[in-house]
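# Descriptive structure summary
Here are the chains, one letter per residue:
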Amino acid sequence: MEKSLNPAIVELPRIYDPRGNLTFIQTGDSQLPFRIERVFWTYDVPAGETRGGHAHIEGQEILVATSGSFRVNIFDGRSWRHFILNRPYQGLYIPAGYWRTMDDFSSGSVCMVLASTIYDEDDYIRDMDRFLKISGVDE
Ligand code: TYD
């Protein structure tokens, strides 16, 4: 698994407007290190639930809290990092090869995900032991 890049918050363009602000992201922008192949979002997450619990072999993602807030917990096989997403003009870039969970969803929150690949279950690692093996951490 390629793990040369680091997870990081990316600031997205903000168009201030008295009618309401606007944020966008598009292929070719420097904040987006991949071509978007898929967009999906989770919503109506019950209080106390955890989503995610997997890593991707190839897939890269940017997560955006388009509404509300939630926490993203990222594990590289050795240590965890935590990011609170609560701004619709910020994204969290997750390179391939990182285990992630999402929790602490606020009521009405929406987690929008921009993904570099179409959905393919073969790109998922959903077993922590397998993740640790592939990461080379248990060697
Ligand atoms: P899952 O990966 O468990 O969601 P999360 O990581 O957000 O908790 O996906 C839940 C189900 O949805 C699973 O059966 C696969 C399916 N799914 C798709 O069909 N297409 C998609 O683009 C995604 C992300 C999931």
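Residues numbered from 1 in each chain as written. Predicted model: local features only at pLDDT ≥ 70, side-chain atom pairs only at ≥ 80, totals over all residues. Heavy atoms only, no water.

Looking only at helices and strands, the protein features one helix and 12 strands. The order of α-helices and β-strands along the protein, N terminus first, is β-β-β-β-β-β-β-β-β-β-β-β-α. Computed over C-alpha atoms, the radius of gyration of the protein comes to 15 Å, within 12% of the 14 Å expected from 2.2 N^0.38 for 139 residues, which places it in the range of a compact globule. Here the protein, with 139 residues, has 41% of them falling under the buried criterion. When contacts within the protein are restricted to residue pairs at least 6 apart in sequence, long-range pairs at least 24 apart make up 77% of them. Total accessible area on the protein is roughly 7,900 Å²; 49% of this is exposed by carbon and sulfur atoms. For the protein, the centre of its 14 positive side-chain charges and the centre of its 20 negative side-chain charges are spaced 4 Å apart. (Helix = DSSP H or I, 4+ residues; strand = E, 2+ residues; numbered from the N terminus. Rg over C-alpha atoms; globule rule 2.2 N^0.38 Å. Buried < 20%, exposed > 50% of the residue type's maximum accessible area, 1.4 Å probe, protein only. Contact = heavy atoms within 4.5 Å. Areas by Shrake-Rupley, 256 points an atom, 1.4 Å probe, with all protein chains shown as cover. Lys, Arg positive; Asp, Glu negative; His and termini not counted. Charge placed at Lys NZ, Arg CZ, Asp CG, Glu CD.)

Take the packing of aromatic side chains next. In the structure shown here, the tally under the stated rule is six aromatic pairs. Relative to F131, the ring of W99 lies with its centre 5.6 Å away and its plane at 50°, an arrangement referred to as tilted. On the criterion of sequence distance, the pair formed by W99 in strand 10 (residues 99–103) and F131 in helix 1 (residues 128–135) is long-range, its members being 32 residues apart. Accessibility assignment for this pair places W99 and F131 in one class, buried. Here the aromatic cluster, defined as three or more aromatic residues joined through ring pairs, consists of F75, W80, W99 and F131. The ring of Y89 has R14 lying over it, and the distance from NZ or CZ to the ring centre is 3.4 Å. (Phe/Tyr/Trp six-rings, centres within 6.5 Å; stacked < 30°, edge-to-face > 60°. Lys NZ or Arg CZ within 6 Å of the ring centre and 35° of its normal.)

Here we come to the side chain of D103. By the secondary structure assignment, D103 is in strand 10. Looking at D103, the relative accessible area reads 14%, which means it is buried. At 3.3 Å, the side chain of D103 forms a polar contact with the side chain of N73. Contact partners of D103, with chain neighbours within four places excluded, come to E49, T50, F70, R71 and N73. (Polar contact = N/O pair within 3.5 Å; in protein donor to acceptor, adjacent residues only side chain to side chain.)

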